[in-house]
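# Structure assessment
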Amino acid sequence: AALAALEAKPVLDYTGINNAIGSVPADLSTYTTSTASAVTTALANAESVKASATTQGELDNAATALNNAVTALEAKANFNNLDSALAEAKDIVDEGYTAETWARLQNAIAVAEAFNRDETGVSQQPAVTAAAEEIIDAIEGLEKEIVLNYTAWNAAVAKIPANLEGYTPASVSA
């Protein structure tokens, strides 16, 4: 009777979960932190399920979750141009630029520095590129403050006699 009650273990197909585990990129550092973290969590779960699964459904669900996490991986945006623009901008010293053009440059720098580089993915590359272009435009738009030097003018005015009565009207108006 006990022999008749023995039940065979189900034969599980590990192909799906093995393929899912094999699809995980070796280097997750090039992906946004949140998407890489989701893959790491799904991978740990898949490996745990693979070791202890008793049903095909468990294996398939873990494989699906891992495949979805891998599909959702987002590469980090490229900051090379922005870094170059930032370096150039930070080398500029405010030496008499107009308040408006200097403020524009400082604002462009602040926008560029606000990016969370670990979470800025390629889907946000246009914003990164725009920030780099804004810095370059702000640098090119810097204008020097016009400072008028009245030294020569004041010296010339000081030479004019206080009493012009002894001069001809034509020479006074010239």
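Residues numbered from 1 in each chain as written. Predicted model: local features only at pLDDT ≥ 70, side-chain atom pairs only at ≥ 80, totals over all residues. Heavy atoms only, no water.

## With respect to the overall build of the protein chain
The helix and strand inventory of the protein chain stands at nine helices and zero strands. Reading the protein chain from its N end, one meets helices and strands in the order α-α-α-α-α-α-α-α-α. Relative to its length of 174 residues, the protein chain is extended, with a C-alpha radius of gyration of 36 Å against a globular reference of 16 Å. Along the first, second and third principal axes, the C-alpha set of the protein chain runs to 145 × 20 × 20 Å. Looking at the protein chain residue by residue over its 174 residues, the buried ones come to 26%. Accessible surface, the protein chain: about 11600 Å² in total, of which carbon and sulfur atoms supply 56%. (Helix = DSSP H or I, 4+ residues; strand = E, 2+ residues; numbered from the N terminus. Rg over C-alpha atoms; globule rule 2.2 N^0.38 Å. Buried < 20%, exposed > 50% of the residue type's maximum accessible area, 1.4 Å probe, protein only. Areas by Shrake-Rupley, 256 points an atom, 1.4 Å probe, with all protein chains shown as cover.)

## Details of the pattern of salt bridges
Using the criterion set out here, one finds four salt bridges in the structure. With a closest N to O distance of 2.6 Å, Arg-117 and Asp-83 form a salt bridge. Here Arg-117 is found in the loop between α6 (99-113) and α7 (125-140), whereas its partner Asp-83 is found in helix α5 (residues 80-90), with 34 residues between them in sequence. Classification of Arg-117 as partly exposed rests on a relative accessible area of 32%. (Salt bridge = Lys/Arg side-chain N within 4 Å of Asp/Glu carboxyl O.)

## Some points on helix α3 (residues 33-52)
With 20 residues, α3 should reach 28 Å at 1.5 Å per residue; the first-to-last C-alpha distance of 29 Å fits that figure. Thr-35, Ala-36, Val-39, Ala-42, Leu-43, Ala-46 and Val-49 are the residues of α3 that are buried. The buried residues of α3 occupy one face: seen down the axis, they fall within an arc of 150°. Within α3, the exposed residues directed more than 90 degrees away from the buried face are Thr-41 and Ala-51. Buried residues belonging to α3 abut α2 (15-22) and α4 (56-71). (Expected span 1.5 Å × (residues − 1). Arc of directions from axis to C-beta. Contact = heavy atoms within 4.5 Å.)

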